[in-house]
Amino acid sequence: MLGEATAPGKMILFGEHSVVYRGPAVVLAIDRRAKVIAGKRDDEKVYIDADNLGFSGYFEGDEYHAVRGKAWRGRNLAALNMSTRKTMERLDVESGVNLKVRSMIPIAVGLGSSAAVNVATVGAVQRLFDGDLSKEEISNIAFEGETIIHGKPSGVDNNVSTFGGVMSYERGKGFNHHQIEGSIPFIIGNTRKKRSTKKMVETVAVLRERNPALMDNVIDVMGSIASEGLDALLKKDLKRLGDLMNINHGLLSSIGVSTMKLETLCHTARANGALGAKLTGAGGGGCMIALAEETELAEVERAIRRRKSDSYRVSLTDRGVESRRIEEKNADS
Ligand code: MEV
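Once that is clear, we can look at helix H9 (residues 260-271). For an α-helix, the turn length of 3.6 residues means that residues three or four places apart are oriented alike. The end-to-end C-alpha distance of H9 is 16 Å, a good match for the 16 Å that twelve residues give at a rise of 1.5 Å each. Those residues of H9 that fall on the buried side of the exposure criterion are Leu262, Leu265, Cys266, Thr268 and Ala269. Relative to the axis of H9, the buried residues are bounded by an arc of 165° and lie together on one face. In H9, the exposed positions angled more than 90 degrees off the buried face are occupied by Met260 and Ala271. Buried-residue contacts for H9 involve strand S9 (186-190), helix H8 (238-254), strand S10 (276-280), strand S11 (287-291) and helix H10 (297-306). Where H9 ends, the next residue or the one after it, Gly273, has phi of about 110°, a positive value.

Much of the literature gives interface size as the accessible area that the parts lose upon coming together. Partitioning the protein into domains gives domain 1 (2-179) and domain 2 (185-315). The centre of domain 1, based on its C-alpha atoms, is set 24 Å off from the matching centre of domain 2. Every contact between the two is made by 34 residues of domain 1 and, on the other side, 44 residues of domain 2. Contact between domain 1 and domain 2 buries roughly 3,100 Å² in total, counting both sides, with carbon and sulfur atoms accounting for 68%. Broken down residue by residue, the surface that domain 1 buries against domain 2 is led by Phe14, His17 and Tyr21, which jointly contribute 23%.

So, on to the side chain of Lys10. With respect to the helices, strands and loops of the structure, Lys10 is situated in strand S1 (residues 2-14). For Lys10, the side chain forms a polar contact with the main-chain oxygen of Gly110, separated by 3.2 Å. Apart from residues no more than four positions distant in its own chain, Lys10 is found in contact with Val27, Leu28, Ala29, Ile30, Gly110, Leu111, Gly112, Asp157 and Val160.

Attention now moves to empty space enclosed by the protein. Across all of its chains, the model carries one cavity of 30 Å³ or more by this definition. The calculated volume of the largest cavity comes to roughly 120 Å³. Taken together, 13 residues line the largest cavity, and the ones lying closest to its centre are Leu53, Phe55, Asn76, Ser114 and Val117. A class-by-class count of the residues in the lining of the largest cavity yields eight nonpolar, four polar and one charged.

According to the stated counting rule, one finds three aromatic pairs in the structure shown. Between Phe59 and Tyr64 the ring centres are 4.9 Å apart and the planes differ by 45°, which places this aromatic pair in the tilted class. Summarising the aromatic geometry, the rings of Tyr169 and Phe175 are spaced 4.1 Å apart at their centres and angled 25° between planes, so their arrangement reads as stacked. When its relative accessible area of 9% is taken as the criterion, Tyr169 is described as buried. On the accessibility criterion, Phe175 (21% relative accessible area) is partly exposed. Positioned over the ring face of Tyr312 is Arg32, at 4.4 Å from the centre of the ring. One cation-aromatic arrangement involves Lys45 over Tyr58; the distance from NZ or CZ to the ring centre is 4.7 Å.

Taken together, 13 residues are adjacent to the ligand, and Lys10, His17, Pro153, Ser154 and Asp157 come closest. Measuring from an oxygen atom of the ligand, one finds a side-chain N or O atom of Lys10 at 3.1 Å. One of the backbone N or O atoms of His17 is found 2.9 Å from an oxygen atom in the ligand. When residues of the shell around the ligand are traced back to their parent elements, those giving at least two are S1, helix H1 (18-21), helix H5 (156-163) and helix H6 (197-210). Of the residues in the shell around the ligand, the class split is seven nonpolar, three polar and three charged. Residues lining the shell around the ligand come from more than one domain, with at least three contributed by each of domain 1 (2-179) and domain 2 (185-315).

On to the packing of helix H4 (residues 135-150) against H5, then. Interhelical geometry of H4 versus H5 gives an angle of 145° and a closest axis separation of 9 Å. Every pair of crossing elements has a handedness; the one defined by H4 and H5 is right-handed. Touching Lys135, Glu136, Ile138, Ser139, Ala142, Phe143 and Glu146 of H4 are Asp157, Asn158, Asn159, Thr162 and Phe163, all from H5. Broken down by class, the residue content of the contact of H4 with H5 amounts to four nonpolar, four polar and four charged.

What counts and how
Residues numbered from 1 in each chain as written. Predicted model: local features only at pLDDT ≥ 70, side-chain atom pairs only at ≥ 80, totals over all residues. Heavy atoms only, no water. Helix = DSSP H or I, 4+ residues; strand = E, 2+ residues; numbered from the N terminus. Expected span 1.5 Å × (residues − 1). Buried < 20%, exposed > 50% of the residue type's maximum accessible area, 1.4 Å probe, protein only. Arc of directions from axis to C-beta. Contact = heavy atoms within 4.5 Å. Domains from an automatic or database assignment. Buried area = accessible area lost by both parts, 1.4 Å probe. Polar contact = N/O pair within 3.5 Å; in protein donor to acceptor, adjacent residues only side chain to side chain. 1 Å grid on protein atoms, 1.4 Å probe; cavity = no way out; pocket = protein on both sides within 12 Å on 5 of 7 lines; lining within 4 Å. Points joined across faces, edges and corners; volume = space filled by probe spheres on them. Nonpolar A, V, L, I, M, F, W, Y, C, P; charged D, E, K, R; others polar. Phe/Tyr/Trp six-rings, centres within 6.5 Å; stacked < 30°, edge-to-face > 60°. Lys NZ or Arg CZ within 6 Å of the ring centre and 35° of its normal. Near = heavy atom within 4 Å. Axes fitted to C-alpha atoms, helices over the stretch in contact; angles between N-to-C directions. Left-handed = near helix turned anticlockwise from the far one by under 90°.

As structure tokens, then:
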């Protein structure tokens, strides 16, 4: 038997970067998922086959041996190794594991692909060994993996990927779940430029060290926007939501995490009917999100594509991590 798990990606609506320090973030799980299938090995290796992401290789202890692809994703792979070993440790088993990773979430563009793969890995490995970890435990183990990749992550990504739905999160205070009836018309614009969350978080930290008082004000305002934004989201007040997204984007630009391409896409979306547009996630490339009335969505999407970027509509999902045991013969690729 094998263990299989899937987990969703995410988009941050409000509060990226400020949430690293304080103040809430509003995060939504999206309907793009990562899948991991885990199988037992006779040796002690953790073999990772992530061919559709461009790499595969194995760990003997902490040492990685590439089979395909280079090491720039090395930290991500180390995180999967760690998540796998921590899960086995927690379940008191010793074994080698094969991980087959398949993800529909574009990598390194702010949509939470690393967290989703980590969460799905913990989910799949615990199923493989008949474990019954709570969602909280799954999220906590995945968080340790995230620490290898991102340095000091806030914890938003692994939590929303584990629990799904709409969440507000405040460091030290934890998560609240929220219910939204019906759909909200969001579009994602992907600049296709990969970037490192760790690096972007460090850039902001350096700016804050040089300008502590001013940066603390900006971080506080971002927190207020996130609180108001949650209220507007729950009331489905799209106009106010759009205003708040635009203001939040301006502040993110002011702390140096936007790029020319992200600016172009945000302005393009607004000029073509979006009520609001902002970068999402760590910035420095990656994705922006736009909000538009249903009637304007197609035009906004087309306008973003004309700027040589990918554009797709996303639906929010309540489905967090899901795992099951499957027969070897049912392990599709
Ligand atoms: C990354 O998805 C969001 C950041 O706020 C970092 C974090 O919360 O760990 C930039």
